[in-house]
Amino acid sequence: MLLVGTAALPFGYYTPLRWVVMVAALTAGCGSTAGTAVPVTTPPLVARPLVERELDGLLLSPEQVNATMGSAAMTVLSAQATMSDNSATMAPPDCLVIDGAAEAAVYAGSGFWAEREQSMNDGDKFTHYLKQAVVLFPTQDKAQEFFSASAGQWPACKQYEHTQSQTQWSVGPITNARDTLSALSTQQEAAAPGWACGRALAHKNNVIIDINTCSANPADTAVQIADQIGTNVAARW
């Protein structure tokens, strides 16, 4: 027999569940208070670094580029995994950071691992041009270092010349917002209706997105394309 209060109950009465109920009741009867729940802090999600095999899937299709740039016939002219070097045709050389997307001389010593790029236009007498590139760094921090260095270099370029074509270019105001650098360069004395190129350089995860869009009025198309590619990067998280 077990004495509970003043009642004697047979030992066989206490199944395991009844023991639990009984112990809880006895504990409450002794005047103990219920424990206080401790909130569990969930650490913020950290995006995993992208890998090289994912780079091709980040670039936009000609159809997507058409919609953004107001064209109807953009096609891929070239696709490559190595950067070009046009530094010999730029004066001053420091303006290559503004003029060209994914230039070897600009990324030299940055520690990047890989890149993918495409160039597009809309025909022999093209009125729209695009170069889109994604550059892979080993970590988010290394990509951020390159972006920060670029943010310091871009404002130094105000005017430049393509020595091969002898065209003169003037650089408009530079914007640095939402991890994206952007600027618009206009060719001086260009034939009507004019010619200008928008540039955007964006940092997303361990990827640098490097864009050049040219037309009579590129407006913010480089930033729009960088944002769309940035969405593709985020989708790989």
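For the structure itself, consult the block above.
About the cut-offs
- Residues numbered from 1 in each chain as written.
- Predicted model: local features only at pLDDT ≥ 70, side-chain atom pairs only at ≥ 80, totals over all residues.
- Heavy atoms only, no water.
- Salt bridge = Lys/Arg side-chain N within 4 Å of Asp/Glu carboxyl O.
- Helix = DSSP H or I, 4+ residues; strand = E, 2+ residues; numbered from the N terminus.
- Buried < 20%, exposed > 50% of the residue type's maximum accessible area, 1.4 Å probe, protein only.
- Core = buried A, V, L, I, M, F, W, Y, C linked by side-chain atoms within 4.5 Å.
- Contact = heavy atoms within 4.5 Å.
- Pairing = 2+ DSSP bridges.

Tell me about the pattern of salt bridges, and please be specific about residues and values.
Taken as a whole, this structure holds seven salt bridges when the rule is applied. Notably, a salt bridge pairs Glu145 with Lys142, separated by 3.4 Å at the nearest N-O pair. Separated by three residues within a single helix, Glu145 and Lys142 lie in helix 5 (residues 140–153), roughly one turn from each other. Given the relative accessible area of 30%, Lys142 is considered partly exposed. Several salt bridges share partner residues, and in doing so they unite Glu52, Asp56 and Arg116 into one network.

With reference to specific residues and values, describe the nonpolar core.
Ranked by internal contacts, the top residues of the largest apolar core, which has 26 residues, are Ile98, Tyr107, Tyr160, Leu201 and Ile208. Looking at this core, the elements with two or more residues in it are helix 3 (96–99), helix 4 (104–107), strand 6 (129–136), helix 5, strand 8 (167–171), strand 10 (180–187), strand 11 (196–204) and strand 12 (207–215). Setting aside anything within four residues of it in sequence, one finds Ile208 in contact with Tyr107, Ala133, Val134, Val135, Phe137, Ala143, Phe146, Phe147, Leu201, Ala202 and His203.

Hey, could you go over the environment of Pro92 for me, with residue numbers and the actual values?
The topology assignment puts Pro92 in the loop between strand 4 (90–91) and helix 3. Among residues more than four places away in sequence, those in contact with Pro92 are Gln159 and Tyr160.

Outline the environment of Tyr160, supporting the account with residue identities and numerical values.
Tracing the backbone through its elements, the reader meets Tyr160 in strand 7 (residues 159–162). Looking at Tyr160, the relative accessible area reads 3%, which means it is buried. Setting aside its immediate chain neighbours within four residues, Tyr160 contacts Met90, Ala91, Pro92, Cys95, Ile98, Asp99, Thr167, Gln168, Trp169, Val171 and Ser185.

Describe the pairing of strand 6, naming the residues involved and giving the relevant values.
Taking burial as the measure, the eight residues of strand 6 include seven buried ones, the bulk of the element. Relative to strand 6, strand 5 (residues 114–121) runs antiparallel, the two being bridged by eight bridges. The partner of Arg116 across the bridge, within strand 6, is Val134. Across eight bridges, strand 6 lies against strand 12 in antiparallel orientation. If you follow Gln132 over to strand 12, its bridge partner there is Ile211.

What is shown is where atoms sit, not what they do.
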